[in-house]
Amino acid sequence: MVCDFKLSCVLFDLDGTLVDTAPDLIACLNHALLEHGFANAPKESVKPYISYGAAAMVKASISDTVSDDIRQAILKTMLDRYQHNIAEFTVFFDGMPQLLETIESQGLKWGVVTNKLKRYTDPLMQALDLTRRAACIISGDSTGNSKPHPEPMLEGCRLAEVTPHECVYIGDASHDIEAGRNVGMKTLAALYGYLKPDDVPENWGADALIDHPRQIDSWIRSTLCN
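Quantities reported herein were computed from a predicted structural model and do not represent experimental measurements.

Colleague: How should I be thinking about the packing of aromatic side chains in this particular structure?
Modeller: Each aromatic ring pair is characterised by the separation of its centres together with the angle its planes make. On inspection of all chains with the given rule, the structure shows five aromatic pairs. Where Tyr82 meets Tyr120, the ring centres are 5.6 Å apart and the plane angle is 45°; that geometry is what we call tilted. Remark: Tyr120 occurs in helix 6 (residues 118-127) and Tyr82 occurs in helix 4 (residues 68-83); sequence separation between them is 38 residues. Judged by relative accessible area, which is 5%, Tyr120 ranks as buried.

Written out as structure tokens, the structure reads:
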């Protein structure tokens, strides 16, 4: 059998792909909203914006007429609280712990490339006992540019000691798939993540659409040469 793709490393986006951080992020957002005199934001209205950052969550939770100063104050309160409550309610997506074990048992590397800032990424990975297992952990400020720019993807490959053409990148946002494609990685769109109502993942150009982490294992097995 001749293989045109040799998989060596599985790279994940963090929020909405590897772990479900929505419960902590939304709890911290609502704490900040209440502190600044606003009502709680419905979970389903802000959850789709998690992959676009905390500022996008704040924007989705209050009126466009609210001043930038107030928005920034809410954002600061939210992030300060989040930094000290990084993994109160965060959990792995169903099947993800087993997937990581399977990846490791197959002799493959795995890592994280996220736009989440290092001040949040590192303690979260530590709290989940993932730091020692990951071949790379790239945050939004680990390099000069964040996704979809190629730089964080290439830095992840450098640390994991693999080439982009040996990797698959899994994410739940269009900029994740664009980032992987920009450097020649295979890409999988995680439909179980934080998609917005107007997202059309079928148009992102991913190599496959994934409804559940178990399907990632099936995809990986289908690429391995016998």
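Colleague: Quick question: what am I supposed to make of helix 9 (residues 213-223) here?
Modeller: Given 3.6 residues to a turn, an α-helix orients residues that are three or four positions apart in the same direction. What helix 9 keeps buried is the set Pro213, Ile216, Asp217, Trp219, Ile220 and Thr223. For helix 9, the angular spread of the buried residues around the axis is 165°, confining them to a single face. Those residues of helix 9 that are exposed and aimed more than 90 degrees away from the buried face are Arg214 and Ser222. Considering only its buried residues, helix 9 is in contact with strand 1 (9-12), helix 5 (96-105), strand 6 (167-171), strand 7 (186-190) and strand 8 (208-210).

Colleague: Looking at this structure, how should I read the nonpolar core?
Modeller: Considering soluble globular proteins, one finds that nonpolar side chains tend to be buried as a cluster. Core analysis: the biggest nonpolar cluster contains 54 residues, and Val10, Phe12, Leu18, Met78, Ile103, Trp110 and Ile216 have the highest contact counts within it. Examining the composition of this core, we find that seven residues originate from one element, helix 1 (residues 22-35), more than from any other. Discounting residues that sit within four places of it in the chain, Met78 has contacts with Leu25, Cys28, Leu29, Ala32, Ala54, Met57 and Val58. In this structure, Leu11, Cys136, Tyr169 and Val183 belong to the second largest nonpolar core, which totals 14 residues.

Colleague: Explain unusual backbone geometry here, please?
Modeller: Excluding glycine, residues mostly carry a negative phi; peptide bonds, for their part, are mostly trans. Of note, the amide linkage connecting Lys147 to Pro148 takes the cis form, showing an omega dihedral of 15°. Among the secondary structure elements, Pro148 is positioned in the loop between strand 5 (137-138) and helix 7 (150-160). One non-glycine residue, Asp129, lies in the positive phi region at around 60°. Note on placement: Asp129 falls in the loop between helix 6 and strand 5. A positive phi angle, close to 60°, is found at Glu161, a residue other than glycine. Checked against the element boundaries, Glu161 lands in the loop between helix 7 and strand 6. On the basis of relative accessible area, Glu161 is assigned to the exposed category, the value being 67%.

Colleague: Honestly, the pattern of salt bridges in this entry has me stumped. Any pointers?
Modeller: Close approach of charged atoms lets side chains of opposite charge pair. Taken as a whole and assessed by the stated rule, the structure comprises 14 salt bridges. Here Glu104 and Arg133 are joined by a salt bridge, their closest N and O atoms 2.9 Å apart. With Glu104 in helix 5 and Arg133 in the loop between helix 6 and strand 5, the pair connects residues that are 29 residues apart, well separated along the chain. Classification of Glu104 as partly exposed rests on a relative accessible area of 32%. Here Arg132 and Asp129 are joined by a salt bridge, their closest N and O atoms 3.1 Å apart. Using a relative accessible area of 65% as the deciding quantity, one classes Arg132 as exposed. For Asp129, a relative accessible area of 39% puts it in the partly exposed group.

Colleague: When you look at the side chain of Thr17 in this model, what are you seeing that I'm missing?
Modeller: Of note, Thr17 is situated in the loop between strand 1 and strand 2 (19-20). Within the local environment of Thr17, its side chain forms a polar contact with the side chain of Asp13, the two groups lying 3.3 Å apart. Among all residues touching Thr17, those that are not within four sequence positions of it are Phe12, Phe93, Met96, Ile170, Gly171, Asp172, Ala190 and Tyr192.

Cut-off values and rules
- Residues numbered from 1 in each chain as written.
- Predicted model: local features only at pLDDT ≥ 70, side-chain atom pairs only at ≥ 80, totals over all residues.
- Heavy atoms only, no water.
- Phe/Tyr/Trp six-rings, centres within 6.5 Å; stacked < 30°, edge-to-face > 60°.
- Helix = DSSP H or I, 4+ residues; strand = E, 2+ residues; numbered from the N terminus.
- Buried < 20%, exposed > 50% of the residue type's maximum accessible area, 1.4 Å probe, protein only.
- Arc of directions from axis to C-beta.
- Contact = heavy atoms within 4.5 Å.
- Core = buried A, V, L, I, M, F, W, Y, C linked by side-chain atoms within 4.5 Å.
- Salt bridge = Lys/Arg side-chain N within 4 Å of Asp/Glu carboxyl O.
- Polar contact = N/O pair within 3.5 Å; in protein donor to acceptor, adjacent residues only side chain to side chain.

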